[in-house]
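If you want the building blocks of each chain, they are given just below.
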Protein chains: 2
Amino acid sequence: MSSDTRPLRADAERNRRRILDAAKDLFAEQGLEVTLDDIARRAGVGVGTVYRRFANREALVDELFEERMGQIADLAVEAYADPDPWNSFATFLTRVCAEQANDRGLRTVALSTAHGTDRVARARKRILPAVTALLERAQAAGAVRPDLSPSDVPLIALTTATVSDYTGPVSGETWRRILGIVLDGLRTPAPSPLPAPALTIDQVERVMHAWEAP
Amino acid sequence: MSSDTRPLRADAERNRRRILDAAKDLFAEQGLEVTLDDIARRAGVGVGTVYRRFANREALVDELFEERMGQIADLAVEAYADPDPWNSFATFLTRVCAEQANDRGLRTVALSTAHGTDRVARARKRILPAVTALLERAQAAGAVRPDLSPSDVPLIALTTATVSDYTGPVSGETWRRILGIVLDGLRTPAPSPLPAPALTIDQVERVMHAWEAP
DNA sequence: CACTAAACGGAGGAGATTCCTCCACTTGAT
DNA sequence: ATCAAGTGGAGGAATCTCCTCCGTTTAGTG
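Conventions used here
Residues numbered from 1 in each chain as written. Chains lettered and ligands numbered in written order. Predicted model: local features only at pLDDT ≥ 70, side-chain atom pairs only at ≥ 80, totals over all residues. Helix = DSSP H or I, 4+ residues; strand = E, 2+ residues; numbered from the N terminus. Buried ≥ 20, exposed ≤ 12 C-beta atoms within 10 Å, placed from the backbone. Contact = placed C-beta atoms within 7 Å. Near = placed C-beta within 6 Å. Nonpolar A, V, L, I, M, F, W, Y, C, P; charged D, E, K, R; others polar. UniProt positions renumbered as here; feature names shortened; annotations may be inferred. Core = buried A, V, L, I, M, F, W, Y, C linked by C-beta atoms within 7 Å. Axes fitted to C-alpha atoms, helices over the stretch in contact; angles between N-to-C directions. Parallel < 35°, antiparallel > 145°, perpendicular 65-115°, else oblique. Left-handed = near helix turned anticlockwise from the far one by under 90°. Domains from an automatic or database assignment. Least-squares fit on C-alpha atoms with pLDDT ≥ 70 in both. Expected span 1.5 Å × (residues − 1).

### Considering the overall build of chain A
A tally of helices and strands in chain A yields 10 helices and zero strands. N-terminal to C-terminal, the α/β element order of chain A is α-α-α-α-α-α-α-α-α-α. The principal-axis extents of the C-alpha atoms in chain A amount to approximately 60 × 40 × 30 Å. In chain A, which comprises 214 residues, the proportion classed as buried is 43%. Taking contacts inside chain A between residues at least 6 apart in sequence as the whole, the part at least 24 apart equals 69%.

Laid out in structure tokens, this is it:
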């Protein structure tokens, strides 16, 4: 929080890292609902130590996922550097889905406003414009069906991540089949128009606000 | 269980129905994890009454979902009566997704062996052959991409149902957009081959066995 | 080395939750 | 009118999760 604090003692700093590492692993494997007691055990540290360092789970989440969320935004920006409109979009989408397929916690943070605090919130805001630019370029080039909306992107990521939760323990890459089907369904020309309107920005916000992780 | 039991007293029968109705609603809204206490409250009945009638949640689940699961199998069989290979398949898939999008409990029962008992298990077994026939006819007619496997069908249903959970409270039909995209991705000719092998029957079984509902 | 502030661990209390039994009371059927 | 069948829901047992507290240990300093 305040940056003018004296540095932690060496052992304290070491434990802080251990806690963050353990939390990262557990959040990825099991989602954000793991208890701080679990994290302490995995970190090889007493619960007290965890609570002394982090006020609550949200603090840990914010610390851990700010960077990851930022990376997603960066991914979209970097993808734009690839001049191929379809390839840049498809690659970005695949990467995002891969990230979320491998990290239950990240998915929750990305899809629900109810987690993380200021830093994560800021990172979250950077994503939409970047995705919009990428998608609009692909649509302008006639590579992606024109009725796709940026608000569909998180939904697609949600689907592949869910398939990954379901099939992952048995077959780690099966989610890519679903993404493959979806990608083929995104290309122009689209055989049939989409049967329902896209979510508006406002609706996306309400959805993200209401959602409790799986 | 044993069918040679004397009939229930009128009030008991009435309460039994109330409990089943309440359970059906709650399972649909919230999934199978609702407590029997919740069900009792919704049914306007004491907990004791619920426990006297149903040994545990599984008994309720089995009672309630045998029919629904059977209907899904029937759906596939009936769809085969439509001579149009694409339309019959697409309609069936849409129906299945709609069922599961509107009922969290049904989805769990359909996707996890861990719920329901004998009657549900039997209904579950009828589904695969019916779906396989429908799909193979569509593929033979060149309407559906040949690399789609029957084992992909439950995964597709899972995706749309999940989107429905997520967006449903704000916009009940948005899941149809995702299904629309997927359906377009299922048609031949497929722009790109699927990037991972389908689950084998054996793998599907292991997945269904391991899975705990969301 | 000796000293002390900082850090540590983890037992355990408080508060929720869920499951399910039990029994005094009510009611349907004959 | 009788009574077996049925009812409601208080409350005990078993878990969980959160988080504090304090006796003990340790890193850093002169």
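### Things to note about the protein's contact with DNA strand C
What surrounds DNA strand C is a group of 21 residues, the closest being Asn15, Gly46 and Gly48 of chain A together with Ala10 and Thr35 of chain B. Those elements giving two or more residues to the surface near DNA strand C turn out to be helix H1 (10–30) and helix H3 (47–53) of chain A together with helix H1 (10–30), helix H2 (36–43) and helix H3 (47–53) of chain B. Per-element tally for the surface near DNA strand C: the top contributor is H3 of chain A, with four residues. Residues that form the surface near DNA strand C fall into these classes: eight nonpolar, seven polar and six charged.

### As for the UniProt feature "DNA-binding region" (unreviewed entry) in chain A
The UniProt record annotates "DNA-binding region" (unreviewed entry) at residues 35–54 of chain A. Here residues 35–54 of chain A runs as 75% helix and 0% strand, with 13 Å between its end C-alpha atoms.

### Here we look at the protein's contact with DNA strand D
Taken together, 21 residues surround DNA strand D, and among them Ala10, Thr35 and Gly48 of chain A together with Gly46 and Gly48 of chain B come closest. Counting residues per element, the ones that place at least two in the surface near DNA strand D are H1, helix H2 (36–43) and H3 of chain A together with H1 and H3 of chain B. Looking at the surface near DNA strand D element by element, the count peaks at four residues for H3 of chain B. Looking at side-chain class alone, the surface near DNA strand D contains eight nonpolar, seven polar and six charged residues.

### Notes on the interface of chain B and chain A
The extent of an interface is frequently quoted as the accessible surface area lost upon association of the parts. With 37 residues of chain B at the interface, the matching set in chain A holds 37 residues. At the level of secondary structure, the elements contributing two or more residues to the side of chain B that touches chain A comprise helix H8 (152–167), helix H9 (175–186) and helix H10 (201–210) of chain B. Here the side of chain B that touches chain A is composed, by residue class, of 21 nonpolar, nine polar and seven charged.

### A look at the UniProt feature "domain: HTH tetR-type" (unreviewed entry) in chain A
UniProt tags residues 13–72 of chain A as "domain: HTH tetR-type" (unreviewed entry). For residues 13–72 of chain A, helix accounts for 82% and strand for 0%, while the C-alpha atoms at its two ends are 28 Å apart.

### Details of the environment of Ser192 of chain A
Within the secondary structure, Ser192 of chain A is located in the loop between helix H9 (175–186) and helix H10 (201–210). Look at Ser192 of chain A and you get partly exposed, because 13 C-beta atoms sit within 10 Å. Here Ser192 of chain A is in contact with Gly180 and Asp184 of chain B, once residues within four sequence places are set aside.

### Brief notes about the nonpolar core
Ile39, Leu134 and Val182 of chain A together with Ile39, Leu134 and Val182 of chain B are the most contacted members of the largest nonpolar core, which totals 124 residues. In this view, Ile39 of chain A contacts Ile19, Ala22, Ala23, Leu26, Val34 and Val50 of chain A; residues no more than four positions away in its chain are not counted.

### Quick notes on the packing of H8 of chain B against H9 of chain B
All names here are of chain B. It is the contact of H8 with H9, at a shortest axis distance of 8 Å, that shows an interaxial angle of 155°. By the criterion of interaxial angle, the relationship of H8 to H9 is roughly antiparallel. As H8 runs across H9, the sense of the crossing is right-handed. Where H8 abuts H9, its residues Ile156, Thr159, Thr160, Val163, Ser164 and Thr167 lie against Trp175, Ile178, Leu179 and Val182. Residues belonging to the contact of H8 with H9 are distributed by class as follows: six nonpolar, four polar and no charged.

### Looking at the domain arrangement of chain A
All names here are of chain A. Partitioning chain A into domains gives domain 1 (1–55) and domain 2 (62–210). Distance from the C-alpha centre of domain 1 to the C-alpha centre of domain 2: 30 Å. Considering only residue class, the side of domain 1 that touches domain 2 consists of five nonpolar, two polar and two charged.

### Some words on the relation of the copies chain B and chain A
Relative to chain A, chain B is turned by 180° and slid 0.0 Å along the rotation axis, the superposed coordinates differing by an RMSD of 0.1 Å. Within this description, the copies of the chain are treated as partners about a two-fold rotation axis. Rotation axis and chain B: the residue whose C-alpha lies nearest the axis is Gly185 of chain B, separated from it by 1.9 Å. Mapped onto chain A, 100% of the interface residues of chain B again fall at the interface, so both copies present the same surface.

### Focus on the packing of helix H8 (residues 152–167) of chain A against H8 of chain B
Here H8 of chain A crosses H8 of chain B at 125°, and the two axes come no closer than 9 Å. Comparing the axis directions of H8 of chain A and H8 of chain B gives the class oblique. The interaxial crossing formed by H8 of chain A with H8 of chain B has right-handed handedness. Listed contacts from H8 of chain B to Leu155, Leu158, Thr159, Thr162, Val163 and Tyr166 of chain A of H8 of chain A are Leu155, Leu158, Thr159, Thr162, Val163 and Tyr166 of chain B. Looking at the contact of H8 of chain A with H8 of chain B residue by residue, the classes come out as eight nonpolar, four polar and no charged.

### Digging into the environment of Arg57 of chain A
Residue and element names in this part refer to chain A. Along the chain, Arg57 falls in helix H4 (residues 57–81). For the pair Arg57 and Leu32, spaced 25 residues apart in the sequence, the C-alpha separation amounts to 8.3 Å. Not counting the four nearest positions on each side in its chain, Arg57 is found in contact with Leu32 and Leu36.

### Focus on unusual backbone geometry
At the junction of Thr188 of chain A and Pro189 of chain A, the peptide bond is cis and its omega measures out at -5° in the coordinates. One can find Pro189 of chain A in the loop between H9 and H10.

### Quick look at H4 of chain A
For an α-helix, 3.6 residues make a turn, and residues three or four places apart therefore share a direction. Residue and element names in this part refer to chain A. Over its 25 residues, H4 runs 37 Å from end to end, which matches the ideal 36 Å to within 8%, given 1.5 Å per residue. Looking at H4, one finds that the buried residues are Leu60, Val61, Glu63, Leu64, Phe65, Glu66, Met69, Ile72, Leu75, Ala76 and Ala79. Its buried side turned inward, H4 meets H1, helix H5 (85–101), helix H6 (104–111) and helix H7 (118–140).

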